[in-house]
Amino acid sequence: MKNTIEHAADLDSKDTLSDYRGRFHIPESNDKEVYYFTGNSLGLQPKSAQSYVQQELDDWAKFGVEGHFHAKNPWVSYHKILSGPFARLVGANEDEVVAMNGLSVNLHLMMVSFYRPTAKRFKIICEAKAFPSDQYMLESQVKFHGLEPDQTIVEVGPREGEHLIRKEDILAKIEEVGDELALVFWGGVNYYSGQVFDLKGITKKAHSVGALAGFDLAHGVGNVKLDLHDWNVDFACWCSYKYLNSGPGSVSGIFVHSKHGSDDSMPRFAGWWGHDESRRFLMEKEFVAMQGAQGWQLSNAPVLIMASCKASMDIFDEVGMDKLVEKSKKLTSFMEFVFNDISSRYSNCNLEVITPKEEGSRGCQLSVLAHGQGKEMFDFLTANGVIADWREPNVIRLAAIPLYNSFADVYSLGQIIENYLKR
Ligand SMILES: *Cc1c(COP(=O)(O)O)cnc(C)c1O
């Protein structure tokens, strides 16, 4: 590899996905396209999203309430058009997934069903410094059951002086908590470090001590390959506005393994959209759950945000995760190479990538510890058209997204960093 514009152009010319960039709106600053490296926070808008949403606005104008049955894509079953794409993204059967609500809401709904503490088995193992919403969710769930978070939630973090969580430490903690362990709740990809976890291994270990395993895939879905059904994962949730490019606050997805999907003995918070659809409009008393993940739905489908999600899912289906991951690995390796090259040539710079070096342990995101002047460099990047993400205390997160970032984007990022160092 070389940190040159010729090499970046050569990689772009060999990239079979390079045309997809033109299918997204790339934001501009000072009449110039920005270098967008925050698709891990909010994915860019597919140009097709507008017509998908317009279709539903038009049908609403044309049909009013009748659109539930007479719209081109009848709203009464609109959520179902996302089940196929979601299932393919997470490696599930279609009836194991459903699109509904927002991510944190869905995590709570899953906890109602899957976290059922007893006097003996009540503890939860989670990652230290999980995304704040996940921490609040866990703590409030624990308190809801009348338990003390301090005595219930067991965090596993990096060892002293390290940035990543060792797999052996996670497995050892599961073994140690053993028959007191109710649930392992973990992120598929850590939002801060970009570390990808072995969900199959964690699930197997959790089951071996009699606990369940559930995952937050906010940073995993659309980023790395997932095989939730075969990994025997109990439940999972994700959002669709990050790597899935579905628009701000767009609809979340849940996975409930088929072994639980028809378990009517599980407690759950119910709503009419989870009720047996053949009798839903009879407005009867007594809830009868739909089989599979659909039985966890509460409300009728938010069609407008689902429409933009569908626009994006059509692109994912066209490309497939295999090709995406193949490009993502090349793009991320190039970005890592550029950072290392710069660090080796400038004595005033040490861009320490804390994301794992092994391809299997990371996705698109690289988290860079910018020793010393991190925030100042970050502000310089922003002023020069780079959209990246700053996380206190001193990490810059950058994700090169295979659907719309180019190798030239990554080269330009490196040049802007060099301009900062040369000032
Ligand atoms: C982005 C993200 C969230 C956000 O939750 P919302 O309910 O969608 O606002 C939660 N958890 C993780 C791990 C995230 O990365």
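Look up: the structure comes first, before these words.
Residues numbered from 1 in each chain as written. Predicted model: local features only at pLDDT ≥ 70, side-chain atom pairs only at ≥ 80, totals over all residues. Heavy atoms only, no water.

(A) Summary view of the overall build of the protein chain. Scanning the protein chain from terminus to terminus reveals 14 helices and 15 strands. Taking 2.2 N^0.38 as the reference for a compact globule, 423 residues should give roughly 22 Å; the C-alpha atoms of the protein chain span a radius of gyration of 22 Å, in line with that estimate. Projecting the C-alpha coordinates of the protein chain onto the three principal axes gives extents of approximately 70 × 60 × 30 Å. The long-range share in the protein chain, meaning contacts at least 24 apart out of those at least 6 apart in sequence, stands at 71%. (Helix = DSSP H or I, 4+ residues; strand = E, 2+ residues; numbered from the N terminus. Rg over C-alpha atoms; globule rule 2.2 N^0.38 Å. Contact = heavy atoms within 4.5 Å.)

(B) Geometry of the sheet that holds strand β8 (residues 212-216). The mixed open sheet is built from seven strands, whose spatial order is β4-β10-β9-β8-β7-β5-β6. In this open sheet, the two edge strands, each paired with only one partner strand, are β4 (97-100) and β6 (153-156). Across this sheet, the average inter-strand angle for adjacent strands is 20°, counted without regard to direction. With three bridges joining them, β8 and strand β9 (residues 235-238) adopt parallel strand pairing. Across the sheet, residue G214 finds its bridge partner in β9, namely F235. (Pairing = 2+ DSSP bridges. Axes fitted to C-alpha atoms, helices over the stretch in contact; angles between N-to-C directions.)

(C) Geometry of the site of the ligand. The environment of the ligand is formed by L103, S104, F131, D134, D216, A218, H219, Y241 and K242. Between the ligand and K242 there is a distance of 2.5 Å, counted from an oxygen atom to a side-chain nitrogen or oxygen. With the chains in place, 81% of the 390 Å² that the ligand exposes on its own is no longer accessible. Here the shell around the ligand is composed, by residue class, of four nonpolar, two polar and three charged. (Near = heavy atom within 4 Å. Polar contact = N/O pair within 3.5 Å; in protein donor to acceptor, adjacent residues only side chain to side chain. Areas by Shrake-Rupley, 256 points an atom, 1.4 Å probe, with all protein chains shown as cover. Nonpolar A, V, L, I, M, F, W, Y, C, P; charged D, E, K, R; others polar.)

(D) View of the pairing of strand β15 (residues 395-399). Across the five residues that make up β15, a large majority, five, are buried. Of the two faces of β15, the one carrying V395, R397 and A399 and the one carrying I396 and L398 are both buried. Where strand β12 (residues 365-370) meets β15, five bridges bridge the pair, whose relative direction is antiparallel. Note that in β15 the partner of L366 across the bridge is L398. Here strand β14 (residues 389-391) pairs with β15 via three bridges, running antiparallel. If you follow D389 over to β15, its bridge partner there is R397. Counting the residues between successive antiparallel strands, the hairpin from β14 to β15 contains three residues. (Buried < 20%, exposed > 50% of the residue type's maximum accessible area, 1.4 Å probe, protein only.)

(E) Region of interest: the environment of A400. Position of A400 among the secondary structure elements: in the loop between β15 and α14 (407-422). On the accessibility criterion, A400 (0% relative accessible area) is buried. Expressed as a C-alpha distance, the spacing of A400 and K329, which sit 71 residues apart in the sequence, is 9.8 Å. Those residues within four positions of A400 in sequence are excluded, and the remaining contacts are F37, L331, M335, C364, N405 and V410.

(F) Seen up close, the side chain of N106. Within the secondary structure layout, N106 lies in helix α5 (residues 103-114). Setting aside residues up to four positions removed in sequence, N106 forms contacts with M100, N101, C237, S252, G253 and I254.

(G) Quick look at the nonpolar core. Core analysis: the largest hydrophobic core is formed by 67 residues, its most contacted members being V90, I125, W186, F215, W238 and L403. Tallying contributions element by element places helix α11 (residues 303-319) first for this core, with eight residues. The residue makeup of this core includes at least three contributed by each of domain 1 (5-33 + 320-422) and domain 2 (52-318). The residues touching L403, leaving out its near neighbours within four places in the chain, are Y20, R21, F24, N245, I315, F316, V319 and L324. Counting 33 residues, the second-largest nonpolar core is a separate cluster that includes F37, L366, I396 and I416. (Core = buried A, V, L, I, M, F, W, Y, C linked by side-chain atoms within 4.5 Å. Domains from an automatic or database assignment.)

(H) Geometry of the packing of helix α4 (residues 83-90) against α11. Interaxial distance between α4 and α11 falls to 10 Å at its minimum, and their mutual angle equals 50°. With respect to their mutual orientation, α4 and α11 come out oblique. Viewed along their axes, α4 and α11 form a crossing whose handedness is left-handed. Along its contact with α4, which presents P85, F86, R88 and L89, the element α11 presents C309, M313, F316 and D317. Looking at side-chain class alone, the contact of α4 with α11 contains six nonpolar, no polar and two charged residues. (Parallel < 35°, antiparallel > 145°, perpendicular 65-115°, else oblique. Left-handed = near helix turned anticlockwise from the far one by under 90°.)

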